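# Summary of structural features
Each chain, written out:
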Amino acid sequence: MNSERSVMIVDAMNLFVRCFIASPLISQGQHVGGIAGFVQSLNKMIFENNPSECIVVWEGGGSLRRRQIFPEYKGKRKPQRLNRFQETGVIDTIDNRNWQIKSIIEILNYLPIRQIYISDCEADDIIGYLTKYHYRDQKVLIVSSDHDYLQLVNENVKIWSPTLKDYVDRGWVLNRYQITPQNFCLARCFSGDKSDMIQGVEGVGIKTLIKSFPQFSSEDEVEIDQILDFAKESAKTSKKKIYANIVSSESLIRRNFQLMYLDVSNLSGNQLGKLISSMEMPIPNGHKMNLFKSMIRCGIQTIDIDRIFMNINNTLKSKESNV
């Protein structure tokens, strides 16, 4: 194992929603599966990866700047299918979901874990900033199954996908998509993202795109204008519709890049200032008794709270590396 420990950055809502959907656990008459699953998953990942720090990043209500660019952004999403038994008589509600999130935030306050929440922006942008700037010269492990983060992967940055149950690095992205990570965002600007209601160019999917534009597998970072110029020249001699469709969709492609690219462009000066201030605040000290009280109050009594506290507290406070 590499002696350099990574900073673990967790996409909190991505992990929570996965646990909330999957676990039907009930305690004291209400669902608590999101809480129990989140805490257990976080403990397992910290135990297995031995990070030097753990940062949990929460959604801030969505990106105001993206909605200004494209009002339909992330609109009309399908309702989540929950793993529940209707005969239990316990009804899932928005209130229960929000209570579980609030409870996780309280629980994590009693562990040496930094939590970040910035209103009117997405966790994606916070994680993008932390990865590209704050921890630019350090090893980073992003925990998320969201494909938006593939653009951040490089020699220092990899992803643990709870869905794939696998680590995603540069080789994985290239083997899976025939696209290098630094060009993944641009490729998606042409193909679109149905989950976020972002329309792509007509008739253009990832597989179609890489067949006509081998540039996306290059180690060089490709720019929009390079692809557009290539499409314009190719459209003069080729009968493939993809070239003409791309040429006629320039404004759509440029808009998609504004929506999809993770950097400071979708953070206001005020948001960026709050993020920097959050990173300057001291990391909370672990408090075992308060952790016990908080989890028991939530009805979490079937997991080994003492073991979880000892693992997370000892790992994150240890200055030594695993070798």
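The following refers to the structure shown. Predicted, not measured: the structure shown is a model, and the values here were computed from it. (Residues numbered from 1 in each chain as written. Predicted model: local features only at pLDDT ≥ 70, side-chain atom pairs only at ≥ 80, totals over all residues. Heavy atoms only, no water.)

### So, unusual backbone geometry
Under the convention used in this document: Strands are runs of DSSP state E lasting at least 2 residues, helices are runs of H or I lasting at least 4, and numbering of each runs from the N terminus.
One non-glycine residue, Lys165, lies in the positive phi region at around 55 degrees. Its location among the elements puts Lys165 in the loop between strand 7 (157-161) and strand 8 (166-168). Located in the positive-phi region is Met197, a residue other than glycine, with phi close to 65 degrees. Tracing the backbone shows Met197 in the loop between helix 7 (184-191) and helix 8 (206-212).

### A few points about the side chain of Glu122
Spelled out, the test is: Between buried and exposed lies partly exposed: a residue is buried under 20% and exposed over 50% of the maximum accessible area for its type, with that area taken using a 1.4 Å probe on protein chains only. In protein, a polar contact means a hydrogen-donor-capable atom and an acceptor-capable atom, both N or O and within 3.5 Å, with residues adjacent in sequence counting only if both atoms are side-chain atoms; elsewhere, any N or O pair within 3.5 Å suffices.
Counting through the fold element by element, Glu122 comes out in the loop between strand 5 (114-117) and helix 5 (123-134). When its relative accessible area of 1% is taken as the criterion, Glu122 is described as buried. At 3.1 Å, the side chain of Glu122 forms a polar contact with the side chain of Lys74.

### Quick notes on the pairing of strand 5
Quick reminder of the rule: We call two strands paired when DSSP finds no fewer than two bridges between them.
The alternating pattern of strand 5 places Arg114 and Ile116 on a buried face and Gln115 and Tyr117 on a face that is not buried. Note that strand 4 (residues 53-58) and strand 5 share 4 bridges and pair parallel. By the bridge assignment, Val56 is partnered in strand 5 with Gln115.

### As for the pattern of salt bridges
Worth spelling out the cut-off: Definition used for salt bridges: Asp or Glu carboxyl oxygen within 4 Å of a side-chain nitrogen of Lys or Arg.
Considering all chains together, one arrives at 13 salt bridges under this definition. Between Arg66 and Glu122 there is a salt bridge, and its shortest N-O distance comes to 3.8 Å. Highlighted residues: Arg66 in helix 3 (residues 64-69) and Glu122 in the loop between strand 5 and helix 5, separated in sequence by 56 residues. In this structure Arg66 comes out as buried when scored by relative accessible area, which is 1%. Across the pair Asp193 and Arg188 runs a salt bridge, and its minimum N-O distance is 2.8 Å. Relative accessible area serves as the criterion here: at 9%, Asp193 is assigned to the buried category. A relative accessible area of 11% places Arg188 in the buried class.

### Overview of the packing of helix 2 (residues 33-49) against helix 4 (residues 94-108)
Using the following cut-off: Every axis in this analysis is a line fitted to C-alpha atoms, fitted for helices over the stretch in contact. Angles between the N-to-C directions lie between 0 and 180 degrees. We call a crossing left-handed when the near helix sits turned anticlockwise from the far one by less than a right angle, and right-handed when that turn is clockwise. Whether two residues touch is decided by their heavy atoms; if any such pair falls within 4.5 Å, the residues are in contact. Amino acids outside the nonpolar list (Ala, Val, Leu, Ile, Met, Phe, Trp, Tyr, Cys, Pro) and the charged list (Asp, Glu, Lys, Arg) are all regarded as polar, and Gly is one of them.
Direction vectors running N to C along helix 2 and helix 4 enclose 35 degrees, while the axes themselves pass 8 Å from each other. Taken as a pair, helix 2 and helix 4 cross one another with a handedness that is right-handed. Residues Gly33, Gly34, Ile35, Phe38, Val39 and Leu42 of helix 2 lie in contact with helix 4, whose contacting residues are Trp99, Gln100, Ser103, Ile104, Ile107 and Leu108. Taken together, the residues of the contact of helix 2 with helix 4 break down into 8 nonpolar, 4 polar and no charged.

### Remarks on the sheet that holds strand 7
In spatial order, the strands read 5-4-1-6-7-8; together these 6 strands make up an open sheet with mixed pairing. The open sheet has two edge strands, strand 5 and strand 8, and neither has a second partner. Neighbour to neighbour, the strand axes of the sheet diverge by 25 degrees on average, direction disregarded. Bridge count for strand 6 (residues 140-143) against strand 7 is 4 bridges, and the pairing is parallel. Paired with Val140 across the strands is Val157, a residue of strand 7.

These results come straight from atomic positions and should not be treated as a statement about function.
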